[in-house]
Amino acid sequence: MSALKDRLTADMRTSLKARDEVTTSTLRMALAAIGTAEVAGAQKRDLSDEEVLAVLTKEAKKRREAATAFADAGRSEQAAKERAEGEVLDRYLPSQLSDAELADLVAGALAAGGFSGRGQMGPAMKAAQAAVAGRAEGGRVAAEVRRQLGA
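Fair warning: this is a prediction, and the values are worked out from it, not measured in the lab.

### Details of the packing of helix α1 (residues 3-17) against helix α3 (residues 49-72)
The angle between the axes and the distance between the axes are what describe a pair of packed helices.
Then, number 1: The contact between α1 and α3 brings their axes to 7 Å, and the two run at 50 degrees. Taken together, the axes of α1 and α3 lie oblique to each other. Across from Ala 3, Leu 4 and Leu 8 in α1, the residues of α3 making contact are Asp 49, Val 52, Leu 53 and Leu 56.
Then, number 2: In the contact of α1 with α3, the residues fall into six nonpolar, no polar and one charged.

Below you can see the structure in the form of structure tokens.
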């Protein structure tokens with residue numbers, strides 16, 4: 001079992017004992033999503049820390065999108081709940097890159113791969129995502145790659 005999954009389980013037990021309902025329910029949901037990812041495919045397997053991080057990132061993104069949708073629909077109570085769950089998940093995710101740091105990493109990845117022009121957007125995105133390593137959302141990375149490639 002990955003160290004991150006162990007930490008999530010331990011933190012869930014602690015929050016359960018402390019009667020912290022938001023943290024407990026959020027961590028249960030995250031562990032359920034990790035369990036689902038473990039049984040996806042031909043056979044059950046343990047996820048690495050990177051794979052667990054990918055699941056948590058996806059869950060955090062769902063919470064942000066749901067909070068926005070609820071806020072737009074005038075359901076502020078539900079939006080606040082989604083934001084609170086997102087904050088719990090953010091504790092386990094690496095800190096996000098600033099725009100300047102993102103631009104520097106993307107520029108380095110594009111220079112290292114020798115990418116130029118719109119036609120190389122796919123391979124350039126792959127290199128940029130590898131350089132960013134989950135510390136920025138895919139939309140932000142894609143926008144920066146497009147900007148630097150002049151697409």
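Having seen the model, we can carry on.
### Structural notes on the nonpolar core
Then, number 1: Judged by nonpolar contacts, the single largest core of 17 residues is most densely connected at Leu 8, Leu 27, Ile 34, Val 52, Leu 56 and Tyr 92.
Then, number 2: The set of elements that each furnish at least two residues to this core consists of α1, α2 (21-39), α3 and α4 (76-90).
Then, number 3: Residues in contact with Ile 34, not counting those within four places in the same chain, are Lys 5, Leu 8, Leu 47, Val 52 and Val 55.

### Looking at the pattern of salt bridges
Then, number 1: All chains considered together, the criterion is met by 13 salt bridges.
Then, number 2: Across the pair Glu 38 and Lys 44 runs a salt bridge whose closest N-O atoms are separated by 3.5 Å.
Then, number 3: The class of Lys 44 is exposed, set by a relative accessible area of 55%.
Then, number 4: Among the salt bridges present, the one from Arg 64 reaches Glu 137, with a minimum N-O distance of 2.4 Å. Residue Arg 64 is found in helix α3, and its partner Glu 137 is found in the loop between α6 (121-132) and α7 (138-149); the two are separated by 73 residues along the sequence.
Then, number 5: With a relative accessible area of 35%, Arg 64 lands in the partly exposed category.

Criteria and thresholds
Residues numbered from 1 in each chain as written. Predicted model: local features only at pLDDT ≥ 70, side-chain atom pairs only at ≥ 80, totals over all residues. Heavy atoms only, no water. Axes fitted to C-alpha atoms, helices over the stretch in contact; angles between N-to-C directions. Helix = DSSP H or I, 4+ residues; strand = E, 2+ residues; numbered from the N terminus. Parallel < 35°, antiparallel > 145°, perpendicular 65-115°, else oblique. Contact = heavy atoms within 4.5 Å. Nonpolar A, V, L, I, M, F, W, Y, C, P; charged D, E, K, R; others polar. Core = buried A, V, L, I, M, F, W, Y, C linked by side-chain atoms within 4.5 Å. Buried < 20%, exposed > 50% of the residue type's maximum accessible area, 1.4 Å probe, protein only. Salt bridge = Lys/Arg side-chain N within 4 Å of Asp/Glu carboxyl O.

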